[in-house]
Amino acid sequence: MSAVRAATRRVLAVIVVAGCALIPIGTVLVGSIASRWFWPSLLPAELTLRGWNYVVSGSGGIGTAFATSIAVAFVVMALAVALALPAARALALHTFRGKRAVTFTLLLPMLAPPLAAAMGLHAVFLQVGLADSFLGVVLVHLIAAVPYATFVLAGTFSGFDPDWEDQARTLGANSWSVWRRITFPAIAPGLALAAILAFVVSWSQYVLTLLIGGGRVLTVPLVLVAFQRGGDEAVAAALSIVFVAPVLLLFALTAPLFEDA
Amino acid sequence: MSSRRLIVMLSATIAIACGSTRPSDMFPATDLARMTWNEVTSRARGSTVRYAMWAGDEARNRFYQGPAADALRRDLDITLTIVPLADTSDLVSKLMTEKAAGLSRGSVDLVWINGANFRTAKQAGILWGPFVQALPNLQHFDPDAIQHDFGTSTDGLEAPYEQAQFVFAYDTVRIATPPATFAELCSWIHEHPGRFTYPAIPDFTGSSFARHFLLHSGEVPPSAFAERFDAGLYDRVSKPVIEALHAMKPYLWRKGETFPATLAELDRLFVNGEIDFSMNYSPTFASDKIARGEFPASVRTFVPNDGTISDYSFLAIPFNAPNPAGALAVINTFMSPTHAIMRARAMGGLFPLRLDRLSATERDAVEALPRGPATLPLTTLATRRIQDAYAEYVDRFERDWRTEVLQR
Amino acid sequence: MLLPALVVAGGTFSLGMFEVLRQSVGLGVPVAGESGPTLSHYAAVLGDREIHAALGLTLWVACISTALSVVCGVGLALGLRHGRRAKRGVNTLLQAPLAIPHLVVALATITVFAQSGLLARAAFALGLIDSPSGFPVLVNDSAGLGIILSYAFKEVPFIALVATTLLARRGDEHDQVARTLGASPWQRFRHVTWPFLAPGVGAAALMIFAYVFSAFETPFLLGQPYPAMLSVVAQQRFMSVDLADRPSAMACALILTVIAAVIVRVYLAAAGPSAGRERPVLF
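Cut-offs used in this document
Residues numbered from 1 in each chain as written. Chains lettered and ligands numbered in written order. Predicted model: local features only at pLDDT ≥ 70, side-chain atom pairs only at ≥ 80, totals over all residues. Helix = DSSP H or I, 4+ residues; strand = E, 2+ residues; numbered from the N terminus. Buried ≥ 20, exposed ≤ 12 C-beta atoms within 10 Å, placed from the backbone. Contact = placed C-beta atoms within 7 Å. Nonpolar A, V, L, I, M, F, W, Y, C, P; charged D, E, K, R; others polar. Pairing = 2+ DSSP bridges. Axes fitted to C-alpha atoms, helices over the stretch in contact; angles between N-to-C directions. Domains from an automatic or database assignment. Parallel < 35°, antiparallel > 145°, perpendicular 65-115°, else oblique. Core = buried A, V, L, I, M, F, W, Y, C linked by C-beta atoms within 7 Å. Arc of directions from axis to C-beta. Left-handed = near helix turned anticlockwise from the far one by under 90°.

A. Structural detail: the overall build of chain C. Helix and strand counts for chain C come out as twelve helices and zero strands. In chain C, the succession of helices and strands from N to C terminus is α-α-α-α-α-α-α-α-α-α-α-α. Taking all 283 residues of chain C together, 55% fall into the buried category. Across chain C, every contact between residues at least 6 apart in sequence was considered, and the portion connecting residues at least 24 apart equals 73%.

This is the structure in structure tokens:
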């Protein structure tokens, strides 16, 4: 295979992959400022800032939704990492009976999106007073976020040698110093990655928040779908950009971590 | 000042400062008979009312969070908080589950509700009331028309505040004269295969569209379906209508293999020239969309001569509303001419109040309302109006449509 | 050590599923004229035409999405390799689509692939069609093509990322040896490259299958009223104001989860100790 053919192939592949990201983003960006964009025009007849004005003004619950989304995602991120840390360590560094079962229990909510569980939890939460509450929504997001965080951290821990910790302890360091100087620096990239994934998992949830939040806990995806179904495409598109931007930013900032972790 | 007076004043201050909805704010609807309207208003003053409404319309959201909320704060010192809903049936499901779980103090005071949702809510006993008879502004509405909602008797459990009428939209660039009757519309569909469709049931508008064929079957006048359910009548009339709708499928868009799921999809098809008609419950929807750049300026609306269904939108109070007095005050305000005129200016829509009960200035203001290029005059709409069918007809027809038209 | 995570995530999930089970046999839902657990709802669901259609469509969409992602993803990975210098750039590039939530991809798919969408308008400008009906039906269609397309935007780069990582780890030696021995590109792929990729890509494919099978947002936005995918049918019946639909909604949800659980079990057996390490980015 000549180098030229290989290079052409690579360019084509790059174009395809770039398209997978740019087509959705580009379409939505144009849609957010489009007015009178009818068949068969490839470009809108007019441009408008109506959609953006509305979104930026925060009215219609958008401001609250944004604040709520961030708050929920942050709490989910913090809790998911806190819960995942010991679990990941156990999964990676220890062997024990029932490991298969544990892995299964943690894997299922990640791969079978917990719509079904949320339908059941709806009634349960009502009875314990968690329905329509911030805490209820956080809890239900955790079902999906904790497994993600756990498995990422487990991957990190599998490359970690606990002997370093033992050595430090025999040299007289206390637990906190061991953590600060040995463990934490070693797993920091994986930790950051797990945190980001947990944040994004919570940020992107739609149907879970819809079922458990019950209209009281309003997040960006809920408002987005309401506008899209209501037919206001400019506002829906602008909201989509607002929805995607933080995720893209977080991924961009942490791209190098994906390789190390 | 004696120390006792001081304590009383302090307690009062603390009580007032401790939040705007005190546990004693809840009271049973039966108390209304003993209360004067002034008592209701004074209980409502200074409180917060949580209003659950569908949030997918920018103009509506802006209006209720802006001018409407401001007016309430100014006139009655009430803080209006909007609880956005993606779908009213979500809230109804939630209230039913709350009632089953025994939750006596809910989180919503007021809900915008209609038709099937109202019937379910009424049957499930999740509404507070009856209360409508206590509202001073009830006089502004036509007493006969507000007795029924989609055929279910309202029984004072919901108050009217907006009115809608089913209209079609078409593009004058593509169609010079729209069909004059439903029969002509059918012929048009047969002559122009693939150029018409309607949203699939359970979409509200799609259901109404299909229901017109039942009401206009020709065998009986539409009013025969209004009062109560007659199974014999239904079986007799619906069979040929359902068959006709099924036979219409091959002439519809995509040969009837599928239907758009929402009005948003229908409008997208309409605007992009895939179909030639759209439909909506708001007579001003076309003018609104032209103003927002979502429809071309050549779009107009029409109503067939046989008449289309008109319904009121209603407001109801959930059984466990924490602030029923506040809800009552807000409902009454929404039913007032001032509010209706303000709302018409901001959002369009059909003016729901009786013109004969308005003052001269108010009537002038109504006449001066900007109508938009695509909106039909009030008189045209009023003369081409039919009452909706009793709820059970709606149910049966929707179910039959899904099994016999959609799934066959 | 494991307990907190298990209790919170696993416990809540199980609690929810237990309630689903309860309601699917008729308990806990005030339906008139019923008392005591019953399997009648399952019988009704299994005999329901709408459910049959939903199961069929869901299986079809999951299979095709997975197959498409594997074929295109591996193809992409093969096209992208040999760029040792650009390795970091390639990885970043492949992660960009993964960062866009499915919800937004679904919305964009409508705008691009509808009969009056951007692609159709381009075809019109090129004179290939003269009306929207001339453009093939790709969105809101009966075969779930729109859904498959929307998932492809994210799953193809995902598989490509998995394959690229695996290929980079291995290096070229085997391939070079095969080439000097006179093997054709296809033979090299079939006997050298693919067996190496198969375990990792296979595991990732199983993950995609499980996800597509039970996910909700994309088929909700891109599907047809009938037939609809199983998760959409379950949610619709759950949200229905007619409480009598609730048990059947729960039965659907349980069936969904059980099938997904089976797939996860298979995945665990196949992936072995490295299960879950591929950083599935499936939201």
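B. Structural context of the interface of chain C and chain A. If you look at the interface, chain C gives 78 residues, while chain A gives 78 residues. It is helix H1 (residues 3–24) of chain C that contributes the most residues to the side of chain C that touches chain A, 15 residues altogether. Per-class residue counts for the side of chain C that touches chain A are 54 nonpolar, 18 polar and six charged.

C. Local environment of the interface of chain B and chain C. Tallying the contact residues gives 21 residues for chain B and 15 residues for chain C. Where the side of chain B that touches chain C is concerned, the elements lending two or more residues are helix H4 (88–101) and helix H5 (115–124) of chain B. Looking at the side of chain B that touches chain C residue by residue, the classes come out as eight nonpolar, nine polar and four charged.

D. A look at the sheet that holds strand S8 (residues 277–280) of chain B. Residues and elements named next belong to chain B. Taken in spatial order, the three strands line up as S8-S7-S9 in an open sheet, and their pairing is antiparallel. If you trace the sheet from one side to the other, it starts and ends with S8 and strand S9 (299–302), each paired once. The sheet shows a mean angle of 30 degrees between the axes of neighbouring strands, taken without regard to direction. As judged from the four bridges shared by strand S7 (residues 167–171) and S8, these two strands associate in the antiparallel manner. Along S8, the bridge assignment pairs Phe168 with Met279.

E. Representation of the domain arrangement of chain B within the structure. Residues and elements named next belong to chain B. Under the domain assignment, chain B is made up of domain 1 (22–162 + 312–371) and domain 2 (167–310 + 383–406). Between the C-alpha centres of domain 1 and domain 2 there is a distance of 29 Å. Each partner contributes to the interface: domain 1 provides nine residues, whereas domain 2 provides twelve residues.

F. Local environment of the environment of Pro67 of chain B. Inspection of the secondary structure puts Pro67 of chain B in helix H3 (residues 58–76). Put simply, Pro67 of chain B and Gly194 of chain B are 127 residues apart on the chain and 44 Å apart in space, counted from C-alpha to C-alpha.

G. Representation of unusual backbone geometry within the structure. The amide bond that connects Trp39 of chain A to the next residue, Pro40 of chain A, takes the cis arrangement and shows omega of -5 degrees. Within the secondary structure, Pro40 of chain A is located in the loop between strand S1 (34–35) and strand S2 (46–47). Cis peptide bonds are those with omega within 30 degrees of zero, and the linkage from Gly129 of chain B to Pro130 of chain B qualifies with 10 degrees. We note that Asp155 of chain B has phi near 55 degrees; this positive angle belongs to a residue other than glycine. With respect to the helices and strands, Asp155 of chain B occurs in the loop between strand S5 (152–153) and strand S6 (158–165). In this structure, Asn140 of chain C takes a positive phi of about 55 degrees despite not being glycine. Mapped onto the fold, Asn140 of chain C is located in the loop between helix H6 (118–125) and helix H7 (145–170). Residue Asn140 of chain C is classed as buried on the basis of its 24 C-beta neighbours within 10 Å.

H. Seen up close, the packing of helix H5 (residues 115–128) of chain A against H1 of chain C. With their axes 7 Å apart at the nearest point, H5 of chain A and H1 of chain C run at an angle of 80 degrees to one another. If you check the angle between H5 of chain A and H1 of chain C, you find them roughly perpendicular. Residues Ala116, Ala117, Ala118, Met119, Gly120, Leu121, Ala123 and Val124 of chain A of H5 of chain A lie in contact with H1 of chain C, whose contacting residues are Thr12, Phe13, Leu15, Gly16, Met17, Phe18, Glu19, Val20 and Gln23 of chain C. Partitioning the contact of H5 of chain A with H1 of chain C into residue classes produces twelve nonpolar, four polar and one charged.

I. Region of the structure containing helix H11 (residues 230–239) of chain C. Within H11 of chain C, eight of the ten residues are buried, which leaves it mostly tucked inside the rest of the structure. The set of residues buried in H11 of chain C consists of Leu230, Ser231, Val232, Val233, Ala234, Gln235, Arg237 and Phe238 of chain C.

J. Looking closely at the nonpolar core. Residue and element names in this part refer to chain A. Ala80, Ala84, Ala149 and Ala198 are the most contacted members of the largest nonpolar core, which totals 303 residues. Tallying contributions element by element places helix H3 (residues 62–93) first for this core, with 18 residues. Once you skip the residues sitting within four places of it in the chain, Ala198 turns out to touch Val76, Met77, Ala80, Val81, Ala145, Tyr148 and Ala149.

K. Representation of the environment of Val192 of chain C in the model. Mapped onto the elements, Val192 of chain C comes out in helix H9 (residues 185–214). Sequence separation between Val192 of chain C and Leu76 of chain C is 116 residues, and the spatial gap between their C-alpha atoms is 17 Å.

L. Quick peek at H6 of chain C. Listed as buried for H6 of chain C are Leu118, Ala120, Arg121 and Phe124 of chain C. Angular distribution of buried residues about the axis of H6 of chain C spans 160 degrees; they occupy a single face of the element. Turning to H6 of chain C, the residues buried within the fold contact helix H1 (3–33) of chain A together with helix H5 (102–113) of chain C. Immediately beyond the C-terminal end of H6 of chain C, within one or two residues, lies Gly127 of chain C, with a positive phi of roughly 80 degrees.

M. Representation of the packing of helix H2 (residues 37–44) of chain B against helix H11 (residues 324–334) of chain B. Residues and elements named next belong to chain B. Across the interface, H2 lies against H11 with an axial gap of 8 Å and an inter-helix angle of 110 degrees. As summarised for this structure, H2 and H11 are arranged roughly perpendicular, according to the angle between their axes. In the crossing of H2 with H11, the sense of the turn from one axis to the other is left-handed. Across the interface between the two elements, Val40, Thr41, Arg43 and Ala44 from H2 touch Ala325, Gly326, Leu328 and Ala329 from H11. The class makeup of the residues in the contact of H2 with H11 is five nonpolar, two polar and one charged.

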